[in-house]
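Observations on chain architecture
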Amino acid sequence: MKKIGLMGCGAIGTQIALAIDSGKIPAVLTHVYDASKESAIALVSKLNSKPEIVENSHLLSSHPVNIVVEAASQDAVKDVALSVLQNKRDLMIMSVGALLDESIFDILSDACQDFKKTIYLPSGAIAGLDGIKAIKDELDSVSITTTKHPRSLKGAKFFETSDIDLNSIQTSAVIFEGAAKEAVTLFPANINVAALLSLSGIGSEKTKVKIVADPNTDKNTHQIEAIGKFGKMTFTVENFPDPNNPKTSRLAILSAIETLRKYCSDEIVIGT
Ligand SMILES: NC(=O)c1ccc[n+]([C@@H]2O[C@H](COP(=O)([O-])OP(=O)(O)OC[C@H]3O[C@@H](n4cnc5c(N)ncnc54)[C@H](O)[C@@H]3O)[C@@H](O)[C@H]2O)c1
């Protein structure tokens, strides 16, 4: 059985740990870490098979795990991703926005080759990345429109310098339009999907992002349009937010669980 170390014991980390504990992911969760020790203790209390709580994030990969799962924050990726690979562990990253910093992407990409290890980026809260990857050389334009309830956008860096007051929005309103690179910096906890789309396709400067705040929606909706020589693709995913963290969609959690399940299983692999 593969051994897993988990960094981040919040909405995603907890569901991943429960999926391992229930046997849905055929693996053993051996070590966990969270910057908030209470969160780590709360997670471990929910599990039948108790992992060890380590005292700092670097200790996860110094133990003999096969893979470290990051479900914490972009800062966590910047702090530990390289050392995980240097310790010859695979890595699954949920805070994908961190990889739109080209220097980080290049360092980690080189480290994967140097240490013969793999970084897994689950498709998250969107669908269609298999198609986008296949046609990336024939792609002329890609855009994503993300619509969320204002409460799911609260706390984003964007509002530190914007005049927009989320509490005063009465009807659906476009609050941001720009390149994915900028969107990921301004809405780091909300727009990992734009990062995934950029990395699968034509990059973060050419991938267009629109963010809509809609007080009348209870879903996180992502509409993707890709146009090129191959033809045209459109995908719309209407996600229910996770009850524990409205910024995170249920599909993002399920796609992380499926990526890990596949990593831990010997089986026929379906899809591109
Ligand atoms: N790829 C995707 O589609 C996708 C979708 C949703 C969320 N995410 C990202 O995944 C990450 C986790 O999401 P979540 O909903 O579980 O968040 P959450 O806020 O519910 O939980 C995050 C946990 O990580 C801990 N944490 C934060 N920074 C840390 C650090 N540097 N070291 C250790 N622990 C740290 C927090 O204390 C918290 O317990 C976030 O960065 C989020 O933006 C990605």
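Residues numbered from 1 in each chain as written. Predicted model: local features only at pLDDT ≥ 70, side-chain atom pairs only at ≥ 80, totals over all residues. Heavy atoms only, no water.

Re unusual backbone geometry
The backbone phi angle of Lys-88 is positive, close to 65°, even though this residue is not glycine. Positive phi, close to 55°, is recorded for Lys-116, a residue that is not glycine. Residue placement: Lys-116 occurs in the loop between α5 (102-115) and β6 (119-120). Judged by relative accessible area, Lys-116 falls into the exposed class, the value being 69%. (Helix = DSSP H or I, 4+ residues; strand = E, 2+ residues; numbered from the N terminus. Buried < 20%, exposed > 50% of the residue type's maximum accessible area, 1.4 Å probe, protein only.)

Overview of the site of the ligand
As a structural note, the neighbourhood of the ligand is formed by 24 residues, with Ala-11, Ile-12, Asp-34, Ser-95 and Thr-248 the closest of them. Within the backbone of Met-94, a nitrogen or oxygen atom sits 3.0 Å from a nitrogen atom of the ligand. Secondary-structure elements contributing two or more residues to the shell around the ligand are α1 (11-21) and β13 (245-249). Grouping the amino acids of the shell around the ligand by side-chain chemistry returns 13 nonpolar, 10 polar and one charged. (Near = heavy atom within 4 Å. Polar contact = N/O pair within 3.5 Å; in protein donor to acceptor, adjacent residues only side chain to side chain. Nonpolar A, V, L, I, M, F, W, Y, C, P; charged D, E, K, R; others polar.)

So, the domain arrangement of the chain
Split by domain assignment, the chain resolves into domain 1 (2-121 + 252-263) and domain 2 (129-239). Of note, the centres of domain 1 and domain 2, computed from C-alpha atoms alone, are 25 Å apart. At the interface, 10 residues of domain 1 touch 11 residues of domain 2. Buried area between domain 1 and domain 2, summed over both chains or domains, comes out near 780 Å², and the portion from carbon and sulfur atoms is 67%. Considering only the side of domain 1, the residues that lose the most area to domain 2 are Gln-74, Val-96 and Leu-100, jointly responsible for 61% of the buried surface there. There are one salt bridge connecting domain 1 and domain 2. When the shortest N-O distance is used, the salt bridge between Glu-102 and Lys-181 registers 3.1 Å. (Domains from an automatic or database assignment. Contact = heavy atoms within 4.5 Å. Buried area = accessible area lost by both parts, 1.4 Å probe. Salt bridge = Lys/Arg side-chain N within 4 Å of Asp/Glu carboxyl O.)

So, the state of the cysteines
Tallied over the full model, the rule gives zero disulfides. There is no disulfide at Cys-112, and the cysteine sulfur nearest it, in Cys-264, is 17 Å away. Distance from the sulfur of Cys-264, which forms no disulfide, to the nearest cysteine sulfur (Cys-9) is 17 Å. (Disulfide = S-S within 2.5 Å.)

A word on the pattern of salt bridges
Counting across every chain of the model gives seven salt bridges. The residue Lys-219 makes a salt bridge to Glu-238 at a minimum N-O spacing of 3.8 Å. Of this pair, Lys-219 sits in the loop between β9 (207-213) and β10 (220-228) while Glu-238 sits in strand β11 (residues 231-239), and the two are 19 residues apart along the sequence. Among the ionic contacts, a cluster of salt bridges with common partners joins Asp-218, Lys-219 and Glu-238.

Quick word on the nonpolar core
Membership of the largest hydrophobic core comes to 37 residues, with the highest contact counts inside it found for Phe-187 and Val-209. Counting residues per element, this core draws most heavily on helix α10 (residues 192-200), which supplies five residues. Two domains share this core, each providing at least three of its residues, namely domain 1 (2-121 + 252-263) and domain 2 (129-239). Setting aside chain neighbours within four positions, we find Val-209 in contact with Ile-144, Phe-176, Glu-177, Gly-178, Ala-179, Ala-180, Ala-183, Ile-191 and Ala-194. (Core = buried A, V, L, I, M, F, W, Y, C linked by side-chain atoms within 4.5 Å.)

Focus on the packing of α1 against helix α11 (residues 250-263)
Between α1 and α11, the shortest axis-to-axis distance is 10 Å and the interhelical angle comes to 40°. The angle between α1 and α11 falls in the class oblique. α1 and α11 meet at a crossing whose hand is right-handed. The residues of α11 that touch α1, namely those facing Ala-11, Ile-12, Gln-15, Ile-16 and Ala-19, are Arg-250, Ile-253, Ala-256, Ile-257 and Leu-260. (Axes fitted to C-alpha atoms, helices over the stretch in contact; angles between N-to-C directions. Parallel < 35°, antiparallel > 145°, perpendicular 65-115°, else oblique. Left-handed = near helix turned anticlockwise from the far one by under 90°.)

Here we look at the environment of Lys-3
Relative to the elements of secondary structure, Lys-3 occurs in strand β1 (residues 2-7). Sequence-distant contacts of Lys-3, defined by excluding residues within four places in its chain, comprise Val-28, Thr-30, Pro-64, Val-65, Asn-66 and Ile-67.

Some words on helix α2 (residues 37-45)
For an α-helix, the turn length of 3.6 residues means that residues three or four places apart are oriented alike. Turning to α2, its buried residues are Ala-40, Leu-43 and Val-44. Axial view of α2: buried residues confined to an arc of 95°, hence all on one face. In α2, the exposed residues that point more than 90 degrees away from the buried face are Glu-38 and Ser-45. Packed against the buried residues of α2 are β1, α1, β2 (27-33) and β3 (52-53). (Arc of directions from axis to C-beta.)

Some details on the packing of aromatic side chains
Under the counting rule described, the total for this entry stands at six aromatic pairs. Measuring from ring centre to ring centre gives 6.3 Å for Phe-158 and Phe-176, while their planes differ by 85°; the resulting arrangement is edge-to-face. With Phe-158 in helix α8 (residues 158-161) and Phe-176 in strand β8 (residues 173-179), the pair connects residues that are 18 residues apart, well separated along the chain. By relative accessible area, which is 5% here, Phe-176 ends up buried. Look at Phe-159 and Phe-187: their rings are 6.2 Å apart centre to centre, the planes differ by 90°, and that puts the pair in the edge-to-face class. Taken together, the residues Phe-159 in helix α8 and Phe-187 in the loop between α9 (180-186) and α10 connect sequence positions 28 residues apart. By the burial criterion, Phe-159 is buried, and Phe-187 matches it. (Phe/Tyr/Trp six-rings, centres within 6.5 Å; stacked < 30°, edge-to-face > 60°.)

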